[in-house]
Amino acid sequence: MNQDVKFVLLFLSINFLCFFLGYLSNIKQQPNPIYFLKISILNIRYFLGQHYCRVSSDFLRINLECSFLILLFKVFQIESNLASHLIAAVSLWSLIYITYIFTITFFFKRVPMIKADISFIKVGLTLMKKKKYIIFFALFLVLILFYSLFYYISKSLLSLEVSTITYLLLVSGLVVLGFKDIFSFRFHIYHLRGVLSPSIHFFKNIINSKKYLSMLNFDINDVLSKNIYSNYNLIEKPDIVIISIESFGSVAYKDEEIYAEIKKTLSDYHEKFSSKGIHIASSYSTAPQYGGGSWLSVGSLVYGYKMEHDIQYNAIFKIQSNFKRYKSMIHYFKDQGYDASMIATLGGYDDFQVDWEKVKNVYPMDSFIKWDDLEYRGKTLDFMNASYSPPDQFSLWKGMEIINSKSIKPKISLFSTLNSHCNWHTPLQLEEDYKTLNIIENFDTTTQINKPRKANYIKSIVYQLEVVFDYVSKNPNKIYVIFGDHQPPYIPTDSLGFETPLYVLSTNEKLIDGFRSEGFHEGLTNINNTIRHEGFYSLFMKSFLQVYSESTVNLPIFPEGIVFEKKSH
């Protein structure tokens, strides 16, 4: 084989390996190669445009650092082992970082934010417990394999005799495609470039993270001025239950196969609710993240402030003291004499302690109903292959019984379901009496699997809806806010967006009319309206206070959530 051809092939191969794991992280979004080639031949401008900036994470890309080093060593005829090791080390770093940014961008559908993502990874590793060591060992072996491949390809590349014209073509291509606007690129779309510099992206990532922290320097007077509900006292105080359904996204309605399975459940409970005088308002609500970060969704909904990144979440509750003066939905109802509780029943954390005081910085609850409080002895369900939980039917019923027994005060309660978390290990049906789950030796569940399957997701959502709606139908004299935290990983397509179903249920039709007047649908089976998670707080408070406060009020609605002014310098 001609050495120039061999050089080009090896050059493309080492670049391919740098993007290989990133490519696998988003393999469903890759273009049809035959269609891509056909269009490219017919339209050279399309080809160049697609190479320079494209939405997919296909592997036909160039890693700037790795390629620059190879060409630099070739021009100066450096063929030492040290040069090969240096290329291999830079390539391995590129592989790791590119995999990271593609995973965050295409899997979680958000901008990489290094400080937030490190925190995110720490949480994930904590959940994995001892299994994290197996993961570390497997990753170590994978990295050794890739390093070896990078080294031997580099050594072969440096040993080849290549013509000057080949160097010129490759170098000019890097200059044109690689350095064009490289220092002024828009950070949130840089991953789309055909030629990518992981090192420059990394430094931009750090700078962007620091800028994000500085953006949270809110003016204290502005923060206090946003506590607009504090002046309104209640003449009636109905109990409020907020339930976040894990991975319940709009895909459940918009995917024909899934909707065909949940429609009967929705229709049946709609009839039950109607017969018991329970009124319904339904809408889609846009989550702050695509397929993860449940705590960001719950936080956005109860604070009315968009919590898009973990770094932002940590900053406003651990660093930014001014934000702590802002009152969430939980704060308001506590000020009005409500008892606030959270049902948090994940088990399997014998090797570390949850810092509940830090949790209380976010959710100022009077009590947390934990795993031990349930006294559950039945069959547990897998959670992320690392921890376990009771069936959500047991957690909801027993948790609410404990909450109701603690105080005669009005109550606001928060519960996030667990059984519909990926990998969707869930019971297949409700029990007549939830207490039997604590004594029966076994009950039917979905199969525990390593690769998520749509069939199991469907079963988990049907179960979640039955659990939650069954509780509502048997305990009608409360106000219920039920919403999906985010889309399920792996299942939906990008075109479905970040929307999740949201329902408000109450026997007080005047309350529900407040939501219907803002476009909410009257039933469970059809949804047309869309709001935002962070826009719900103001909408809820306006509708609630119009019915239950001392005087009729016409409060403003903030569809985009609360926006704070920055502290002047």
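Please read all numbers here as calculations on a predicted model, not as lab measurements. (Residues numbered from 1 in each chain as written. Predicted model: local features only at pLDDT ≥ 70, side-chain atom pairs only at ≥ 80, totals over all residues. Heavy atoms only, no water.)

Enquirer: Please explain the overall build of the protein as it appears in this structure.
Expert: Summing up its helical and strand segments, the protein has 21 helices and 12 strands in all. The buried share among the 569 residues of the protein stands at 55%. Counting contacts in the protein only where the partners sit at least 6 residues apart, residues at least 24 apart contribute 79% of the total. For the protein, the exposed area adds up to about 25800 Å²; of that, 58% sits on carbon and sulfur atoms. (Helix = DSSP H or I, 4+ residues; strand = E, 2+ residues; numbered from the N terminus. Buried < 20%, exposed > 50% of the residue type's maximum accessible area, 1.4 Å probe, protein only. Contact = heavy atoms within 4.5 Å. Areas by Shrake-Rupley, 256 points an atom, 1.4 Å probe, with all protein chains shown as cover.)

Enquirer: Explanation requested: the pattern of salt bridges in the structure shown.
Expert: A pair can form between side chains of opposite charge whenever their charged atoms are brought close. In total, this model carries 12 salt bridges according to the counting rule given. One salt bridge connects Asp 268 with Lys 264, and the closest N-O pair in it is separated by 2.7 Å. Of the two residues, Asp 268 and Lys 264 both sit in helix α12 (residues 256–275), four residues apart, roughly one turn of that helix. Judged by relative accessible area, Asp 268 falls into the partly exposed class, the value being 32%. According to the relative accessible area criterion, Lys 264 is exposed, its value standing at 58%. Of the charged contacts, one joins Lys 474 and Asp 470 as a salt bridge, the two residues approaching to 3.1 Å between their closest N and O atoms. (Salt bridge = Lys/Arg side-chain N within 4 Å of Asp/Glu carboxyl O.)

Enquirer: How do you make sense of the pairing of strand β3 (residues 240–245) when you look at a structure like this?
Expert: On a regular strand, one side chain projects to one face of the sheet and the next to the other, so that they alternate. Most of β3 sits inside the fold, with six of its six residues counted as buried. Alignment of β3 against strand β9 (residues 411–416), held across five bridges, turns out to be parallel. Paired with Val 241 across the bridge in β9 is Ser 413. Relative to strand β10 (residues 479–484), β3 runs parallel, the two sharing six bridges. Across the sheet, Ile 245 pairs through a bridge with Gly 484, a residue of β10. (Pairing = 2+ DSSP bridges.)

Enquirer: Mind showing me how you'd approach the nonpolar core here?
Expert: The nonpolar side chains of soluble globular proteins are, as a tendency, buried together. One finds Ile 242, Phe 323, Phe 333, Phe 536, Phe 540 and Phe 544 to be the most contacted residues of the largest nonpolar core, which totals 57 residues. Sorting elements by how many residues they give to this core places helix α21 (residues 533–548) first, with nine residues. With near-sequence residues (within four places) excluded, Phe 540 lies in contact with Ile 240, Met 329, Phe 333, Ile 479, Val 481 and Phe 515. Residues Ile 245, Phe 273, Met 400 and Ile 402 belong to the second largest nonpolar core, which totals 53 residues. (Core = buried A, V, L, I, M, F, W, Y, C linked by side-chain atoms within 4.5 Å.)

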